[in-house]
Amino acid sequence: MTRLNARLLATGGVILSMLLIYGVQVEIDQRQAHPPGGDETLYVRDPELMRRLSLGYESLLADIYWLRAVQYYGRKPKKSETQSYAMLEPLLNLATTFDPEMTAVYRFGAMFLSESQPIGPGEPLKAIELLNKGIMNNPNVWRFYFDKGFVYLWHLKDHKAAGRAFLEGARLPAAPKWLESLAATSMGEAGELETARYLWTHEFEEAESESVRSNARNHLNSLQIDEDRWRLEFLVTKFQEKTGRVLTDLNQLVNAGCIRFIPTDPSGAPYEYDRDAKGVYPAKASKVTYFPLKAEARKVFQQKLESEWEAARTAPQ
Amino acid sequence: MNVVEITHLTKDYRTGFWFHKRRRALEDLSLTVQAGEIFGFLGPNGAGKTTTLKILMGLIRPTAGKARILGCPIDHVQMHQEIGFLPENPYFYEYLTGREYLIYTAELFGRGRAAAQSRAVELMEMVRLEESLKIPLRKFSKGMIQRIGIAQALINDPRIVFLDEPMSGLDPVGRREVRDIIMNLRARGVTVFFSSHILADVESLCDRVAILNRGRLLDIGRLTEILRMEVSALEVMAKDVQAVTLERLQQLGGQTHAIGDRLHITLPDDRSLLEVIMTVQEGGGKVISVNPVRESLEEFFLKRIDAQYVSSHQYAQAGSEISR
Amino acid sequence: MRKVLIIARTTFKENIRDKILYNLLFFTLAIIGVSVALGQVSIGHEQKIIIDMSLSAISLFGTLIAIFIGTGLVYKELDKRTIYNLISKPVRRSEFILGKYLGLMSTLLVNLALMSAGAYLALWLLGKSVQSEFLYVLAAVYAIFLQLMLVTAIALMFSTFSTPVLSAVFTFALWVIGHFSTEMKRLADILRSAVTGHICVALSYALPNFSNFTISGRENLLKSAAHFHAPQLTTLMLATAYGFLYSALLLTLAVFIFQKRDFK
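It should be emphasised that the depicted structure is a prediction, and the values quoted were computed from it without experimental measurement.

Procedures and definitions
Throughout this description, residue numbers start from 1 for each chain and increase along the sequence as written. The naming scheme follows written order: chains are lettered A onward, ligands numbered 1 onward. The predicted nature of this model means local features are confined to residues of pLDDT at least 70 and side-chain atom pairs, given and counted, to a pLDDT of 80 or more, with totals for whole chains, interfaces and linings taken over all residues. Side-chain measures here rest on the full set of heavy atoms in the structure, leaving out hydrogens and waters. The helix count covers DSSP runs of H or I at least four residues long, the strand count covers runs of E at least two residues long, and both are numbered beginning at the N terminus. Relative accessibility decides the category of a residue: with a 1.4 Å probe and only protein chains considered, values under 20% of the type maximum give buried, values over 50% give exposed, and everything between is partly exposed. Each accessible area is a Shrake-Rupley result for a 1.4 Å probe, and residues are judged covered by the shown protein chains and nothing else. Two strands are said to pair when DSSP picks up at least two bridges between them. Every axis corresponds to a line fitted to the C-alpha atoms, with the helix fit spanning only the stretch in contact, and the corresponding angles, defined between N-to-C directions, vary from 0 to 180 degrees. Here, two residues are considered to be in contact whenever any of their heavy atoms come within 4.5 Å of each other. By the definition adopted for this analysis, an angle is roughly parallel if under 35 degrees, roughly antiparallel if over 145, roughly perpendicular if from 65 to 115, and oblique otherwise. Throughout, buried area stands for the accessible area (probe radius 1.4 Å) lost by two parts on being put together, summed over both. What makes a salt bridge here is a side-chain nitrogen of Lys or Arg within 4 Å of a carboxyl oxygen of Asp or Glu, nothing more. Side-chain atoms within 4.5 Å link the members of a nonpolar core, which is a set of buried Ala, Val, Leu, Ile, Met, Phe, Trp, Tyr and Cys residues. Identification of polar contacts relies on pairs of N or O atoms within 3.5 Å, with a donor-acceptor requirement for protein atoms, meaning one able to donate a hydrogen and the other able to accept it, and with residues adjacent in sequence counted only if both atoms are side-chain atoms. By definition here, a helix of n residues has an expected span of 1.5 Å times n minus one. Read the arc as the range of directions from the helix axis to the C-beta atoms. By definition, pLDDT measures how confident the predictor is in each residue, and it falls between 0 and 100. Should the near helix be turned anticlockwise from the far one by less than a right angle, the crossing is termed left-handed; should it be turned clockwise, right-handed. By the convention adopted, Pro, Cys, Tyr, Trp, Phe, Met, Ile, Leu, Val and Ala count as nonpolar, Lys, Arg, Asp and Glu as charged, and the other residues, Gly among them, as polar. Any residue with relative accessible area above 30% and no salt bridge may belong to a patch, with like charges joined within 9 Å and the nonpolar Val, Leu, Ile, Met, Phe, Trp and Tyr side chains within 5 Å. We call Phe, Tyr and Trp rings a pair once their centres come within 6.5 Å, taking the six-membered ring for Trp, and we label the pair stacked below 30 degrees between planes, edge-to-face above 60, and tilted otherwise.

S.K.: Is there a simple way to explain the overall build of chain A in this structure?
M.R.: Within chain A, the secondary structure is distributed over 13 helices and two strands. Relative to its 317 residues, chain A shows a buried fraction of 44%. With an accessible surface of roughly 17800 Å², chain A has 57% of that area assigned to carbon and sulfur atoms.

S.K.: When you look at the sheet that holds strand β9 (residues 208-213) of chain B in this model, what are you seeing that I'm missing?
M.R.: Strands belonging to one sheet form pairs held by backbone hydrogen bonds; the direction of such a pair is parallel or antiparallel. Residues and elements named next belong to chain B. Taken in spatial order, the six strands line up as β6-β7-β8-β3-β9-β10 in an open sheet, and their pairing is mixed. Looking at strand neighbours, the two that pair on one side only are β6 (83-86) and β10 (216-221), the edges of this open sheet. Shown here is a sheet whose adjacent strand axes are inclined to one another by a mean of 15°, direction ignored. The pairing of β9 with β10 spans five bridges and is classified as antiparallel. The residue of β10 that forms the bridge with I211 is D219. Together, β3 (38-42), β6, β7 (160-164), β8 (191-196) and β9 form the strand contacts of helix α1 (residues 49-56), whose direction differs from that of β7 by roughly 145°.

S.K.: What am I meant to see in the sheet that holds strand β1 (residues 2-15) of chain B here?
M.R.: Residue and element names in this part refer to chain B. Spatially, the four strands line up as an open sheet ordered β2-β1-β4-β5, and their pairing is antiparallel. The two strands at the open ends of the sheet, each matched to only one other strand, are β2 (21-34) and β5 (72-73). Bridging between strand β4 (residues 64-69) and β5 involves two bridges; their strand directions are antiparallel. In the strand pairing of β5, I69 is matched with C72. Of the strands in this sheet, β1, β2 and β4 touch α1, which is tilted by about 110° from β1.

S.K.: Please explain the packing of helix α4 (residues 88-98) of chain A against helix α6 (residues 124-137) of chain A as it appears in this structure.
M.R.: Any two packed helices are characterised by the angle at which their axes cross and by the distance between the axes. Residues and elements named next belong to chain A. Two numbers describe how α4 lies on α6: the axes approach to 11 Å, and their chain directions differ by 0°. Classed by the angle they form, the pair α4 and α6 counts as roughly parallel. Here α4 contributes E89, L92, N93, T96 and T97 to the contact with α6, which in turn contributes K126, E129, L130 and K133.

S.K.: Would you take a moment to explain the interface of chain C and chain B for this structure?
M.R.: A common measure of how large an interface is: the accessible area buried when the components associate. Each side of the interface is counted separately: chain C has 30 residues, and chain B has 33 residues. Among the residues chain C hides against chain B, the three largest losses belong to N85(C), K89(C) and P90(C). Together they make up 19% of the total. Remark: the boundary between chain C and chain B carries five salt bridges. Taking the shortest distance from any N to any O, the salt bridge between E100(B) and R17(C) comes out at 2.9 Å.

S.K.: Which parts of the structure should I look at to understand the nonpolar core?
M.R.: Side chains of a nonpolar character, in soluble globular proteins, are inclined to be buried together. In this structure, I69(B) and F162(B) are the most contacted members of the largest nonpolar core, which totals 158 residues. Here the element with the most residues in this core is helix α6 (residues 134-159) of chain C; it accounts for 16 residues. Apart from residues lying up to four places away in sequence, F162(B) is in contact with V4(B), L53(B), L56(B), M57(B), I69(B), I83(B), G84(B), F85(B), L86(B) and F193(B). Listed in part, the 60 residues of the second largest apolar core include Y85(A), M87(A), L130(A) and Y152(A).

S.K.: Help me understand the environment of N2(B), please; the structure alone is not making it clear to me.
M.R.: Residues and elements named next belong to chain B. Among the structural elements, N2 can be located in strand β1. The sequence separation of N2 and G71 amounts to 69 residues, and the corresponding C-alpha distance is 8.0 Å. Other than its neighbours up to four places away in sequence, N2 contacts T32, V33 and Q34. Among the polar contacts made by the side chain of N2, one reaches the side chain of Q34 at a distance of 3.5 Å.

S.K.: I'm lost on the pairing of strand β12 (residues 255-259) of chain B in this one. Help?
M.R.: Residues and elements named next belong to chain B. The sheet contact formed by β12 and strand β13 (residues 262-267) spans five bridges and is antiparallel. In the sheet register, I259 faces β13, and the bridge partner there is R262. Between β12 and β13, which pair antiparallel in sequence order, lie two residues; one of them, G260, sits at a positive phi of approximately 65°.

S.K.: Sorry if this is basic, but what is going on with helix α5 (residues 172-187) of chain B here?
M.R.: For an α-helix, the turn length of 3.6 residues means that residues three or four places apart are oriented alike. All names here are of chain B. The end-to-end C-alpha distance of α5 is 23 Å, a good match for the 22 Å that 16 residues give at a rise of 1.5 Å each. Residues G174, E177, V178, I181, I182 and L185 constitute the buried set of α5. With its buried residues spanning 140° around the axis, α5 presents them on a single face. Relative to its buried face, α5 has exposed residues pointing more than 90 degrees away, namely P172, V173, R176 and A187.

S.K.: Can you walk me through the confidence of the model for chain C in this structure?
M.R.: Caution applies to low-pLDDT parts of the model: their predicted coordinates are not meant to be read in detail. On average, residues of chain C score 84 in pLDDT, and 89% of them reach the 70 mark or higher. For this predicted complex, the interface score ipTM comes out at 0.84, alongside a pTM of 0.67.

S.K.: Can you help me understand unusual backbone geometry in this one?
M.R.: Trans is the prevailing form of peptide bonds, just as negative phi is the prevailing case for residues other than glycine. Residue and element names in this part refer to chain B. Located in the positive-phi region is L70, a residue other than glycine, with phi close to 50°. Note that L70 resides in the loop between β4 and β5. Residue D240 is not a glycine yet carries a positive backbone phi of 55°. With respect to the secondary-structure elements, D240 resides in the loop between β11 (231-239) and α8 (243-251). Given a relative accessible area of 44%, D240 falls into the partly exposed group.

S.K.: What exactly am I supposed to notice about the pattern of salt bridges here?
M.R.: Between side chains of opposite charge, a pair can form when the charged atoms approach closely. In the structure shown here, the tally under the stated rule is 30 salt bridges over all chains. R231(A) is paired through a salt bridge with E308(A); the nearest N and O atoms lie 3.3 Å apart. Residue R231(A) is located in helix α11 (residues 210-243), and its partner E308(A) is located in helix α13 (residues 295-314); the two are separated by 77 residues in the primary sequence. Where salt bridges share partners, they join D12(B), R22(B), R24(B), E27(B) and R216(B) into one cluster.

S.K.: Is there a simple way to explain the packing of helix α3 (residues 58-74) of chain A against α4(A) in this structure?
M.R.: Residues and elements named next belong to chain A. Between α3 and α4, the shortest axis-to-axis distance is 8 Å and the interhelical angle comes to 155°. Classified by the angle their axes make, α3 and α4 are roughly antiparallel. Crossing angle aside, the handedness with which α3 passes α4 is left-handed. Across the interface between the two elements, E58, L61, A62, Y65, W66, R68, A69, Y72 and Y73 from α3 touch L88, L91, L92, L94, A95 and F98 from α4. Here the residues of the contact of α3 with α4 sort into 13 nonpolar, no polar and two charged.

S.K.: Would you explain the side chain of H219(A) in this entry?
M.R.: With respect to the secondary-structure elements, H219(A) resides in helix α11. In this structure, H219(A) is in contact with E115(A), W154(A), W200(A) and F291(A), ignoring residues within four places of it in sequence.

S.K.: Sorry if this is basic, but what is going on with helix α7 (residues 164-178) of chain C here?
M.R.: All names here are of chain C. Here α7 contains 15 residues, and its C-alpha end-to-end distance of 20 Å stays within 8% of the 21 Å for a straight helix at 1.5 Å per residue. Along α7, the positions that sit buried rather than exposed are S167, A168, T171, L174, W175 and G178. Along the long axis of α7, the arc covered by the buried residues comes to 135°, so they all point the same way.

S.K.: Is there a simple way to think about a nonpolar patch on the surface in this case?
M.R.: The grouping of V165(C), L166(C), V169(C) and F170(C) at the surface amounts to a nonpolar patch, some 350 Å² of accessible area in total. As for its position among the elements, V165(C) is in helix α7.

S.K.: Can you help me understand the packing of aromatic side chains in this one?
M.R.: Aromatic rings considered in pairs are described by the distance between their centres and by the relative angle of their planes. Under the counting rule described, the total for this entry stands at 25 aromatic pairs over all chains. Their ring planes at 55° and their centres at 4.7 Å tell us that Y22(A) and Y205(C) sit as a pair that is tilted. With one member in each of two chains, Y22(A) in helix α1 (residues 3-31) and Y205(C) in helix α9 (residues 194-206) form a pair that bridges those chains. Looking at Y22(A), the relative accessible area reads 43%, which means it is partly exposed. Among the aromatic residues, ring-to-ring pairing joins F92(B), Y93(B), Y95(B), Y101(B) and Y104(B) into one connected group.

Written as structure tokens, this is what we have:
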């Protein structure tokens, strides 16, 4: 056998064995059945014990647990299963115990925790608890108060508690002026839609990361869609009351002169009327992300529309 | 028949952190060794002797050039079956006993267990270590290690033996024994290729020598052809010499200088030798030795090599090695 | 092959005459001894505690032996220049590498046997009659052996071109990283950025994956041994294939590096 042949043979053998190793690994990976929703095991849940085990690397451990929390929150669930977030709170708790000064963990953590399914576990009370821990460890961070008020207002619909949180935050030296007005707005009986818009606008402007900003943008868009929908549906009712005809298409409103054109959602797609659901919805092709508001919010807005309608009718032409 | 054929052998060592510098250890060496001769490989430390031997043994790869042993290229594994090698300052597995080590070596040459065992004992006897069969090598003295080294080089009844500085670290008796072993090997028709920086070792043994310096071959041939071998002076070593005697010695034409409690008396020739010895003894002193002073390897190098070529540091180094 | 075995036998002798081995072996047996004491004070889980502690000690100290002796295997021969007497004999460099590897592997095998015997002795001392389920513990020991095979190959590969300390650091680092291969794949799922994600996936396949030897199906092998669960035969077989293939690849690499070396 010549030297060249030997070398070729050896190279071939090496490549072959690499391929075999890859194949075996794929086979093993398939057999290592992961519990549904990824790795749901968290071996040590007691932060104090873990701290003792960390041998002085607490800060690093905090980072690791925070990374794990982000990964855990962001993982893609397999198709057939619903996303579970059972490990989210313990992970956040571990991270903030190891390093109580990681403000992002409290803020994002609260955001993750309070979002409802499918994008979060829907546990605003745990979010409040986490934020309180953050406030206790970092009393001078006004953003925690903003976040806390936000969770009260948006997820728990507790205007009074939200207002109190905003006020407390507003007293801190570094707090911005608008926090006080936010407190006032939410304590007062202003329309829910307005408060929400105010809240999300500030969330959008204060956002420190793109993911928070885009979330706020989605919420602001949704508020716009809600308002548009309710307005259109109000017009549809009025149209039907007046003409006695059943509306099948929003173009009928345009033809009747109620509106000049069919409005578009924030992505630029015109709204559509769904005859079966008897409601206005963003077009199916529209790419906008839409989180509908709860029905209670609509009541206040409905009253506002009624009074506007009355005012328009009685006003001199 | 040429048993060793070295043609244009060159070796560069790569040095520096990124291995970007090159240091030439051996340059264009060509020589041949004939079957049955004792070939001396002579030169100061750093001359490239060990590099040459390592290339021949397949321990390092040459940068350029070729070498053949017994007609086979040096990377031919089976050829090693026929050769023996003793490295410079050899080390062996400290955790083994001398006997175990020799058995292990014999087995590597393909001998069966029983054959290896009897061969090991045979060689232990040959190098006079039969008393130390069961002592671990870590307890061996330098001289004993050297003997084990020679034993392992001969374990396979080689056709050629390569010995790198076989005499170093041995006492006079040990040197004598190694000399006898080498003579014995020649008597059995074995070719011996050995390196040394000590002229005395080489001159009493070798049929031919090659002299190497700074990686280049300076000379090859019979030693007497290469070096002028006449006695240039005599050196008498004595002790307990009185101050009065010292004067007389100088009158007899001797140059004296004291080193420790010893007196070195250098005489230009042997005409006053007897008188000098008697004078020392009459004055209550003792003559320890009388040695002829010949041109040393050091002097040879001094003459042979362009002074610009060798730094003074190297003279000093070579000198101290030679006088040791 | 005969020469490989001769070198392996001498390496085995070298290892068993090395003090470090006895230190580590002593520690393991001491831990197994302590587990008997702990088992007695625990309520109800004597067997589990003994098996847990013994297997963990066997695995940890086995790895330490593999790393500490493995990284010195080739280096010591170079440093003490004993390699000169070996390579100048009719011995191929590949035979040398393989012999050294087999030598240490046989040392480790004997060690595992001793340590397992210690564990069984501890169980016996607690008055547990040796049941057939105890054989499942051997499956875990076998998985540990496969893991040590890979660790030794890594250590040997590094020691062909690096100092023992650096080799030990590299090997230990790879051993730790190798336990996170699965996490690395999961990280790739989350890193949607194409480049970093692909790098993670590539690394997770390229680096030795040690979780192959600790996880059988859903369960940690050591844990399932402690609970006397039968291990899955297919996972063990796949782990065997993985261990042998990857070690062979590393040894090939080691020989390749070693072939090019000058022994100054």
